[in-house]
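If you want the building blocks of each chain, they are given just below.
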Amino acid sequence: MALIIGAIIVVASVLGGYVLHGGQLLVLWQPTEILIIGGAALGSFIISNPMHTIKEVFGRGMRLLTGSPFNKAFYMDLLSLLYDVFDKSRKQGVMSIEEDIDNPESSQIFTRYPAVMKSKELMAFVTDYMRIISSGNMAPHELEGLMDNEIETRKHELEEPAHAVNKVADALPGLGIVAAVLGIVITMSFLSSGPEVIGVKVAAALVGTFLGIWMGYGFVGPTSVALEHQAMYELRAYECVKAAIVATVSGQAPQMAIEFGRKALPTDKRPLFQELNDHVRSK
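Since the model is a prediction, treat every value here as computed from it, not as a measurement.

Draft legend 1. Geometry of the overall build of the chain. Helices and strands together make up the secondary structure of the chain, namely 12 helices and zero strands. Taken from N to C terminus, the helices and strands of the chain fall in the order α-α-α-α-α-α-α-α-α-α-α-α. Relative to its length of 283 residues, the chain is extended, with a C-alpha radius of gyration of 26 Å against a globular reference of 19 Å. Every one of the 283 residues in the chain was classed for burial, and the buried ones make up 40%. In the chain, of all internal contacts separated by at least 6 residues, the share reaching a separation of at least 24 is 73%. As presented, the chain carries roughly 15,200 Å² of accessible surface, and 64% of it is formed by carbon and sulfur atoms. Mean positive and mean negative side-chain charge positions of the chain (23 and 29 charges, respectively) differ by 5 Å.

Here is the structure:
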C-alpha cells in the first residue's frame, strides 16, 4: 500500500505541477523515448546480473505490492516454533527432535506453522543447526561463529536484488540523455522546416532527459531502497533464530531462549513479552 501511495504522490506532484504551470500532458507522451530508455535499462540490467538475481528482482518486486511475509505475525510463529522444538528437546531429549528436523513436512511441530515453512531458506537454516545440536557437542561460541558466517552470506544474497535495481536507477538519467541526444540528431534534419517544427522536435528530445531522471529518482531508486528494507526484515528472522539457538545451547530454558530471539527483532515488528507468551500457549 505504501508503495502505491508513494507512486501516486510522485506522479500527481510532478505532472500536476507541470499542468498548473501551463504544460500540455500530450507533449510528454513520447513512446519512442520510453522505448529507448526502458529497453536500454532492461538490456543493461540483464547484461549485468546472473539469472538468479533477475528472477529474485521480479519476485521480490511483486512482494513489494503484496506485502512482505516477514511481519509481526510471522515472527511470533517463528518464535513459537522454536519454543516447541526447544521444549520437546528439553523434556524428551535431543534425539527426540531428529524425526522432526529430518522430515519437517510430516512433523506435528513444524506443520503447525505453515507461514514459516513457506520460507525454505529459513527452514533449512533452522533444521540444519538443530541437526548440528542433536548430533554433537559444539560449544556455544563455535556454533555462533558458524551461524554468523552463514548469515553474512545470506545477507549478501538478500541484498543483491536491491543493489541490482539501484544500478539501474543510477543508469537511467544517463540513458535519458542518450534518448535526448538521438532526438537532437533527428532534429538536425528538420532545420529547414521552420521554428515550429524544430520546437516540437527539441521538446520531444528533452522529454527523454526528463523521463530518465524522473524514472531513476522518482521510482526505480526508491524501489531499490524498499527492497533493502524487505531484505533487512528477512535477515532479522535469521538473527532471531541464531540468538534463540545459541541461548538454548548455553543452557537457557525454552521460554528464556525465545526471549533472546525476541530481542533480536526490529522494534516495530517485535511482539510484546506477554503477547508472545499468549501466542505460544495458544499454539
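Draft legend 2. Up close: the side chain of serine 80. Note on placement: serine 80 falls in helix α5 (residues 72-92). Owing to a relative accessible area of 0%, serine 80 belongs among the buried residues under this scheme.

Draft legend 3. Representation of the layout of surface pockets. Counted as a void, the largest pocket has a volume near 470 Å³. Forming the walls of the largest pocket are 16 residues, and the residues nearest its centre are Val57, Phe58, Val165, Val168 and Val220. For the lining of the largest pocket, the secondary-structure elements that each account for two or more residues are α3 (31-48), α4 (51-66), α9 (140-188) and α10 (195-249). With five residues, α10 is the largest single contributor of residues to the lining of the largest pocket. Among the residues making up the lining of the largest pocket, the classes are represented as 13 nonpolar, three polar and no charged.

Draft legend 4. A look at the packing of α4 against α10. Two elements in contact, α4 and α10, have axes whose closest approach is 10 Å; the angle formed by their N-to-C orientations is 85 degrees. One finds that α4 runs roughly perpendicular with respect to α10. Contact residues: α4 offers Arg60, Gly61, Arg63 and Leu64, while α10 offers Thr223, Ala226, Leu227, Gln230 and Glu234. Tallied by class, residues from the contact of α4 with α10 come to three nonpolar, three polar and three charged.

Draft legend 5. Molecular detail of α4. If you check α4, its first and last C-alpha atoms are 23 Å apart, about what 16 residues at 1.5 Å a residue would give, namely 22 Å. Taken together, the buried residues of α4 touch α1 (2-20), α3, α9 and α10. Glycine 67 sits one or two positions beyond α4 and adopts a positive phi of about 100 degrees.

Draft legend 6. Expanded view of the nonpolar core. Counting residues in each nonpolar core, the largest one holds 45 residues, and the members touching the most others are Phe110, Met130 and Ile245. Broken down by element, this core gets its largest block of residues, 11 residues, from α10. Apart from residues lying up to four places away in sequence, isoleucine 245 is in contact with Phe86, Tyr129, Met130, Ile133, Leu143 and Met147. One finds Val57, Ala162, Val220 and Leu227 within the second-largest nonpolar core, a separate group that totals 20 residues.

Draft legend 7. Spatial organisation of the pattern of salt bridges. Enumeration over the complete set of coordinates arrives at 16 salt bridges. A salt bridge links aspartate 102 to arginine 131, with the nearest nitrogen and oxygen atoms 3.1 Å apart. Of the two residues, aspartate 102 is situated in helix α6 (residues 98-102) and arginine 131 in helix α8 (residues 120-135); the sequence distance between them amounts to 29 residues. Taking the relative accessible area as the measure of exposure, aspartate 102 reaches 43% and is therefore partly exposed. When its relative accessible area of 30% is taken as the criterion, arginine 131 is described as partly exposed. Through salt bridges that share partners, Glu56, Arg60, Arg63, Glu121, Arg154, Glu157 and Glu234 make up one connected network.

Draft legend 8. Inspection of the side chain of lysine 242 at higher detail. Locating lysine 242 in the fold gives a position in helix α10. Classification of lysine 242 as buried rests on a relative accessible area of 12%. Of the polar contacts made by the side chain of lysine 242, one reaches the side chain of aspartate 148; its length is 2.9 Å. When near neighbours in sequence (up to four residues on either side) are disregarded, lysine 242 contacts Phe125, Glu144, Met147, Asp148 and Ile151.

Draft legend 9. Up close: a nonpolar patch on the surface. Side chains of Leu3, Ile4, Ile8, Met62 and Leu65 sit close together on the surface and give an oily, nonpolar patch of about 460 Å² of accessible area. Mapped onto the nonpolar patch, the elements with two or more residues apiece are α1 and α4. Considering every element that reaches the nonpolar patch, the biggest residue donor is α1, with three residues. Within the secondary structure layout, isoleucine 8 lies in helix α1.

Scoring rules and cut-offs
- Each chain has its residues counted from 1, running along the sequence as written.
- Per-residue local features of the predicted model are confined to residues with pLDDT of at least 70, and side-chain atom pairs are confined, for both listing and counting, to 80 or more; whole-chain, interface and lining totals are unaffected and use all residues.
- Where side-chain values are given, they derive from all heavy atoms of the structure, hydrogens and water being excluded.
- What counts as a helix is a DSSP run of H or I of at least four residues, what counts as a strand is a run of E of at least two, and both are numbered from the N terminus.
- Atoms considered for the radius of gyration are the C-alpha atoms alone. The globule rule reads 2.2 Å times the number of residues to the power 0.38.
- Accessible area is worked out with a 1.4 Å probe on protein chains only. A residue is then buried under 20% of its type maximum, exposed over 50%, and partly exposed in between.
- Contact between two residues is taken to exist if any of their heavy atoms lie within 4.5 Å; hydrogens are not considered.
- Computed with the Shrake-Rupley method and a 1.4 Å probe, the accessible areas treat only the protein chains shown as cover for residues.
- The convention is simple: Lys and Arg are positive, Asp and Glu are negative, and His and the chain ends are not counted.
- A single reference atom marks each charge: NZ on Lys, CZ on Arg, CG on Asp, CD on Glu.
- Here a cavity is any set of points on a 1 Å grid over the protein atoms alone where a 1.4 Å probe fits but cannot get out, and a pocket is any open set with protein on both sides within 12 Å along at least 5 of 7 lines; a residue lines the site when it has an atom within 4 Å of a point.
- Grid points are joined across faces, edges and corners, and a volume is the space filled by probe spheres set on the points.
- Polar here means any residue other than Ala, Val, Leu, Ile, Met, Phe, Trp, Tyr, Cys and Pro, which are nonpolar, and Asp, Glu, Lys and Arg, which are charged; Gly is therefore polar.
- Note on geometry: axes are lines fitted to C-alpha atoms, helical ones only across the stretch in contact, with angles between N-to-C directions running from 0 to 180 degrees.
- When an angle is under 35 degrees it counts as roughly parallel; over 145 it counts as roughly antiparallel; between 65 and 115 it counts as roughly perpendicular; any other value is oblique.
- Expected helix span is computed as 1.5 Å times (number of residues minus one).
- What we call a nonpolar core is a set of buried Ala, Val, Leu, Ile, Met, Phe, Trp, Tyr and Cys residues that are connected through their side-chain atoms within 4.5 Å.
- Criterion for a salt bridge: a side-chain nitrogen of Lys or Arg within 4 Å of a carboxyl oxygen of Asp or Glu.
- Polar contacts, as used here, are pairs of N or O atoms within 3.5 Å; protein pairs need one atom able to donate a hydrogen and one able to accept it. Residues neighboring in sequence count only if both atoms are side-chain atoms.
- Each patch is built from residues lacking any salt bridge and having more than 30% relative accessible area; the joining distance is 9 Å for like charges and 5 Å for nonpolar side chains (Val, Leu, Ile, Met, Phe, Trp, Tyr).

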